[in-house]
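# Tertiary structure, described
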Amino acid sequence: MKEEIEKLLAQVNDLKCKTAKDVEEARVNLLGKKGEITKLFEEFRGYAPEMKKEFGRKLNELKQAATAKIEELRSQTVSDASPAGKADDLSMPGTPYALGSRHPVSIVRQEIVDIFRKFGYDVAEGPEIEDDYHVFEALNFPPNHPARDMQDTFFVSAGHPNPILLRTHTSSVQVRTMENMKLPIRVICPGRVFRNEAISARAHCIFHQCEGLYIDEHVTFADLKQAILLFAREMFGPDTAIRMRPSYFPFTEPSSEVDVSCNICHGKGCNICKGTGWLEILGCGMVDPNVLEASGIDSKKYSGFAFGMGLERIAMLKWQVNDLRHYFENDFRFLSEFSTATEV
Ligand code: PHE
C-alpha cells in the first residue's frame, strides 16, 4: 500500500494537461468511481485497525493533493481558453450589434402624420376599448346596423344600453375630438382597430387605420377633394391622379371612395391594380349634420369632411406585400427587409 501511495503521489505531482478534456480524464482515472485512489480507499476499508492508523493519513494526503492538482489544472485550461489581456485593450473597436428597424406599418403611419402636419393637422388619439356610443351611436349608425352584430364586432361587455367593445374604426376618435376640442378642428387619428374576421391573406382581426377630420365654417366637398389629392401626391408621387366613386357611410353624406392611379403600371393595368389602372385607398365624405349635432356642433354654421384609410393597405401598395398576415407575425426575415427604409 505504501509504495502504491507514493507512486500515485509522484504521478499527481507530475500531472500535466493541455485541455479541459484531459483534466477531466485525469480526474476520472484518479478520483472517479473506478479511479486508482478510490480503489486504494476500498482496499484500505478491509485493513486491520493498526494498519489503518499507518496508512490513513497518507491516503488522505494523496486524495487532497490529487483534488488540489486537478483544481489547479482546471483553472489553467479555462484561463488559457479566454484571450487573456485582450478584453482590457480599450483601444480595440467595440463589438457591433445589429440595430432594429421600424415596422412597415409604423413607417407608413409616420409618413401620413408628416404629410398632414404640413397641412396643419394635429394628431389625436383615443381608447381602443370603446363604448357603443362613440363607435356607432354618435356616428349615426342605426340600432340594427350589421356592424353592431357580434359577428362583426368584438364585445367586451354586452346586454346593457351602452355596451363596451373593441373599436372597429378610428372614427370614434372623431367623436371624442368633436366633444372636446374647440372649433375649427383639423386632426388625424392613427390607431389600431379590431374586427371579428377570420384571418386570411386579405383580412385580419386587427389592423390599423388613419382617420382625418376637418371642421370649420364653409368647408365644402371641393376642400375634401383638394386635401385628398395633395395627400395622394405627397404619398405616391407628384404625377398621381385620384378618382372619387360615390359610396355610403352612415356618418358622412355625401360619401365617396377614393382610388389613386396605379403607381406600378402608371395606368396601363397590372396584377396589383387588377388591370384597372386604379387602386382603392380610402373612404371619405362630408360629415353628416346628425353627427355634428350629436357632438354639440351647430350644423347650420359649421360643416366638415372626414376620411379614413387602412395603413396595411397603404403599406401593401407601397411595398407590394400582398399577405396581411406578414404584418402581424413579426417574422424577423420580413421585418428586417425594412431596415433601410428607417433611414429615409
Ligand atoms: N370609418 C370608415 C371605415 O372604417 C372609413 C371612413 C372614415 C369613411 C371617415 C368616411 C369617413 O371604413
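Anyway, here's the lowdown on the structure attached to this text. (Residues numbered from 1 in each chain as written. Predicted model: local features only at pLDDT ≥ 70, side-chain atom pairs only at ≥ 80, totals over all residues. Heavy atoms only, no water.)

## Some words on the sheet that holds strand β3 (residues 155–157)
Strand order across the open sheet formed by 3 strands is β2-β4-β3, with antiparallel pairing between neighbours. Of all strands in the sheet, those bounded by a partner on one side alone are β2 (129–131) and β3. When the angles between neighbouring strand axes are averaged without regard to direction, this sheet yields 35°. Taken together, the 3 bridges between β2 and strand β4 (residues 164–166) define a ladder with antiparallel strand orientation. In the sheet register, isoleucine 129 faces β4, and the bridge partner there is leucine 166. (Pairing = 2+ DSSP bridges. Helix = DSSP H or I, 4+ residues; strand = E, 2+ residues; numbered from the N terminus. Axes fitted to C-alpha atoms, helices over the stretch in contact; angles between N-to-C directions.)

## Describing the sheet that holds strand β9 (residues 278–287)
Overall, mixed pairing links the 7 strands, which are arranged β1-β5-β6-β10-β9-β8-β7 in an open sheet. Whereas interior strands pair on both sides, the edge strands pair on one side only; in this sheet they are β1 (122–123) and β7 (242–249). Where strand β8 (residues 252–261) meets β9, 8 bridges bridge the pair, whose relative direction is antiparallel. Residue pairing in the sheet places glutamate 257 in a bridge with glycine 283 of β9. Along the sheet, helix α5 (residues 104–118) contacts β1, β5 (185–194), β6 (206–217) and β10 (302–310); its crossing angle with β5, the most-contacted strand, is approximately 170°. Packing of helix α8 (residues 221–236) onto the sheet brings it into contact with β7, β8, β9 and β10, and relative to β7 it is tilted by some 125°. (Contact = heavy atoms within 4.5 Å.)

## Examining the packing of aromatic side chains
In this description, a pair of aromatic rings is defined by centroid distance and the angle of the planes. Taken as a whole and assessed by the stated rule, the structure comprises 15 aromatic pairs. Here phenylalanine 116 and tyrosine 121 contribute two aromatic rings whose centre-to-centre distance is 5.0 Å and whose plane-to-plane angle is 75°, an arrangement assigned as edge-to-face. One exposure class covers both phenylalanine 116 and tyrosine 121, and it is buried. A centroid spacing of 5.7 Å and a plane angle of 90° characterise the contact between tyrosine 327 and phenylalanine 334, whose relative ring orientation is edge-to-face. Both residues of the pair, tyrosine 327 and phenylalanine 334, belong to the buried class. Taken together through their ring pairs, the aromatic side chains of Phe116, Phe119, Tyr121, Tyr214, Phe231, Phe305 and Phe307 make up a single cluster. (Phe/Tyr/Trp six-rings, centres within 6.5 Å; stacked < 30°, edge-to-face > 60°. Buried < 20%, exposed > 50% of the residue type's maximum accessible area, 1.4 Å probe, protein only.)

## Some words on the site of the ligand
The environment of the ligand is formed by 13 residues, the closest being His169, Ser171, Arg195, Gln209 and Glu211. A distance of 2.9 Å separates a nitrogen atom of the ligand from a polar atom in the side chain of serine 171. With respect to the ligand, the side chain of glutamine 209 contributes an N or O atom lying 2.9 Å from an oxygen atom. When the ligand is considered free in solution it has 320 Å² of accessible area, and contact with the protein chains removes 89% of it. Going through the elements one at a time, β6, β9 and β10 are the ones with two or more residues in the shell around the ligand. It is β10 that contributes the most residues to the shell around the ligand, 3 residues altogether. Among the residues making up the shell around the ligand, the classes are represented as 5 nonpolar, 6 polar and 2 charged. (Near = heavy atom within 4 Å. Polar contact = N/O pair within 3.5 Å; in protein donor to acceptor, adjacent residues only side chain to side chain. Areas by Shrake-Rupley, 256 points an atom, 1.4 Å probe, with all protein chains shown as cover. Nonpolar A, V, L, I, M, F, W, Y, C, P; charged D, E, K, R; others polar.)

## Some details on a negative patch on the surface
Negative charge collects at one region of the surface, where Glu3, Glu4, Glu6, Glu36 and Glu43 lie side by side. When contributions to the negative patch are tallied by element, the ones reaching two or more residues are α1 (2–14) and α3 (36–45). Sorting elements by how many residues they give to the negative patch places α1 first, with 3 residues. By the element assignment, glutamate 3 lies in helix α1. A relative accessible area of 60% means that glutamate 3 is categorised as exposed. (Patch = residues over 30% accessible without salt bridge, like charges linked within 9 Å, V, L, I, M, F, W, Y side chains within 5 Å. Salt bridge = Lys/Arg side-chain N within 4 Å of Asp/Glu carboxyl O. Lys, Arg positive; Asp, Glu negative; His and termini not counted. Charge placed at Lys NZ, Arg CZ, Asp CG, Glu CD.)

## Description of the packing of α5 against helix α10 (residues 311–319)
Contact geometry for α5 and α10: axes closest at 9 Å, N-to-C directions at 100°. Our classification of the angle between α5 and α10 gives roughly perpendicular. Touching Pro104, Val105, Ile107, Val108, Arg109, Glu111 and Ile112 of α5 are Leu311, Glu312, Ile314, Ala315, Lys318 and Trp319, all from α10. Across the contact of α5 with α10, the residue classes tally to 9 nonpolar, no polar and 4 charged. (Parallel < 35°, antiparallel > 145°, perpendicular 65-115°, else oblique.)

## A few points about the side chain of glutamate 130
By secondary structure assignment, the location of glutamate 130 is in strand β2. Only 2.6 Å separates the side chain of glutamate 130 from the side chain of arginine 176, close enough to count as a polar contact. Among all residues touching glutamate 130, those that are not within four sequence positions of it are Val135, Pro163, Ile164, Leu165, Arg167, Ser172 and Arg176.

## Notes on the nonpolar core
Counting residues in hydrophobic clusters, the biggest one holds 46 residues, and the most contacted among them are Ile112, Phe305, Phe307 and Met309. Counting residues per element, the ones that place at least two in this core are α5, β6, α8, β8, β9, β10, α10 and α12 (332–335). Ignoring any residue separated from it by four or fewer positions in sequence, one finds isoleucine 112 in contact with Ile188, Cys210, Phe231, Met235, Met309 and Leu311. Ranked by size, the runner-up nonpolar core spans 23 residues in total, among them Ala124, Phe136, Ala138 and Ile215. (Core = buried A, V, L, I, M, F, W, Y, C linked by side-chain atoms within 4.5 Å.)

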